2 protein chains.
Amino acid sequence: MCELRDVLDRVGDKWSVLLMAILGGGPRRYSELRRAIDGISQRMLTLTLRSLERDGLVLRTVAPTTPPQVSYELTPVGKTLSTEVSTLIRWAERHREYVSVSRRIYDAK
Amino acid sequence: MCELRDVLDRVGDKWSVLLMAILGGGPRRYSELRRAIDGISQRMLTLTLRSLERDGLVLRTVAPTTPPQVSYELTPVGKTLSTEVSTLIRWAERHREYVSVSRRIYDAK
DNA sequence: CAGGATCCTAGTGGATACTG
DNA sequence: CAGTATCCACTAGGATCCTG
């Protein structure tokens, strides 16, 4: 049951899904990710990438140059999770109106 | 973009998914839910149910008896979210071994 | 460039006690 | 039975500064 918690936590955390969505477009470097994601702190970018890497969802590659060039990309398994999540995103799009109306009704009391 | 955050937060919070999974089996009363979910506090059970109700995912019905009987059930839209999430659960089952092996490898350094 | 190290705050959620 | 109210601990995450 706890591997389920892991996955749900991953989907629910603030940056993982967004990060995987961007990496779905192909490999990106650290600084590219930082620029692409408005509002993320260096700390959280690094932490989230490390966590994704640890779970085998993202691959980190260091080019031995100076200065170093580090690029990140989804692993095959990372891609499958990314597509699973995208069905959830479509659900959100289809039902956002319903949810917001429900809330207005609920809050009106 | 923010209705997406709402959905992801919902999936990522500690009790919503578990609660919806149980309600997927049909209407349940407050005390039934409390017993069914090991470890949930009254506070979080109430808060989570209110939040699901507010979003139109769960319907709350009060029978005017003494003592009151309150039952909860998934709305039609709540059911659709529940099935979407179940695909995520299947992903977790299929890849839990991969993830745990990845972690062991990562942690070994 | 790609981070690591610290400090600090806001929000999440548990424990407990009380109520119509 | 089905909650509400309060207090408290823990953690996620932002800001800032430093480094190979």
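All of these numbers come straight from a predicted model, not from anything done at the bench.

The subject of this paragraph is the pairing of strand β2 (residues 58-63) of chain A. Successive residues of a regular strand alternate their side chains across the two faces of the sheet. Residues and elements named next belong to chain A. The pairing of β2 with strand β3 (residues 69-74) spans 6 bridges and is antiparallel. Bridge assignment links Ala63 to a residue of β3, and that residue is Gln69. As consecutive antiparallel partners, β2 and β3 are separated by 5 residues.

In the vicinity of DNA strand C there are 19 residues, among which A:Ser31, A:Arg60, A:Tyr72, B:Lys14 and B:Arg43 approach most closely. Residue A:Arg60 places a side-chain N or O atom 2.7 Å away from a phosphate oxygen belonging to DNA strand C. B:Lys14 places a polar side-chain atom, nitrogen or oxygen, 2.6 Å from a phosphate oxygen of DNA strand C. Elements represented by at least two residues in the surface near DNA strand C include exactly α3 (30-36), α4 (42-54) and β3 of chain A together with α4 (42-54) of chain B. Of the residues forming the surface near DNA strand C, the biggest block, 4 residues, is contributed by α4(A). In the surface near DNA strand C, the residues fall into 7 nonpolar, 6 polar and 6 charged.

So, about the relation of the copies chain B and chain A. For these two chains of identical sequence, chain B goes onto chain A by a turn of 180° and a shift of 0.0 Å along the axis, with RMSD 0.1 Å. Here the transformation between the copies is reduced to the relation of a two-fold axis. Nearest to the rotation axis, the C-alpha of B:Gly12 is located 1.8 Å from it, this being the minimum over chain B. An overlap of 100% is found between the interface residues of chain B and their copies at the interface of chain A, pointing to a shared contact surface.

Here the focus is the interface of chain B and chain A. Every contact between the two is made by 38 residues of chain B and, on the other side, 38 residues of chain A. Ranking the residues of chain B by area buried against chain A places B:Arg54, B:Trp91 and B:Arg103 at the top, with a combined share of 20%. Where chain B meets chain A, there are 6 salt bridges. Linking chain B to chain A there are 16 residue pairs in polar contact (both at pLDDT 80 or more). The set of elements that each furnish at least two residues to the side of chain B that touches chain A consists of α1 (2-12), α4 and α5 (76-107) of chain B. Top element by residues in the side of chain B that touches chain A is α5(B). It accounts for 19 residues. Along the lines of polarity and charge, the residues of the side of chain B that touches chain A split into 16 nonpolar, 7 polar and 15 charged.

Reading the values: rules and limits
Residues numbered from 1 in each chain as written. Chains lettered and ligands numbered in written order. Predicted model: local features only at pLDDT ≥ 70, side-chain atom pairs only at ≥ 80, totals over all residues. Heavy atoms only, no water. Pairing = 2+ DSSP bridges. Helix = DSSP H or I, 4+ residues; strand = E, 2+ residues; numbered from the N terminus. Near = heavy atom within 4 Å. Polar contact = N/O pair within 3.5 Å; in protein donor to acceptor, adjacent residues only side chain to side chain. Nonpolar A, V, L, I, M, F, W, Y, C, P; charged D, E, K, R; others polar. Least-squares fit on C-alpha atoms with pLDDT ≥ 70 in both. Contact = heavy atoms within 4.5 Å. Buried area = accessible area lost by both parts, 1.4 Å probe. Salt bridge = Lys/Arg side-chain N within 4 Å of Asp/Glu carboxyl O.

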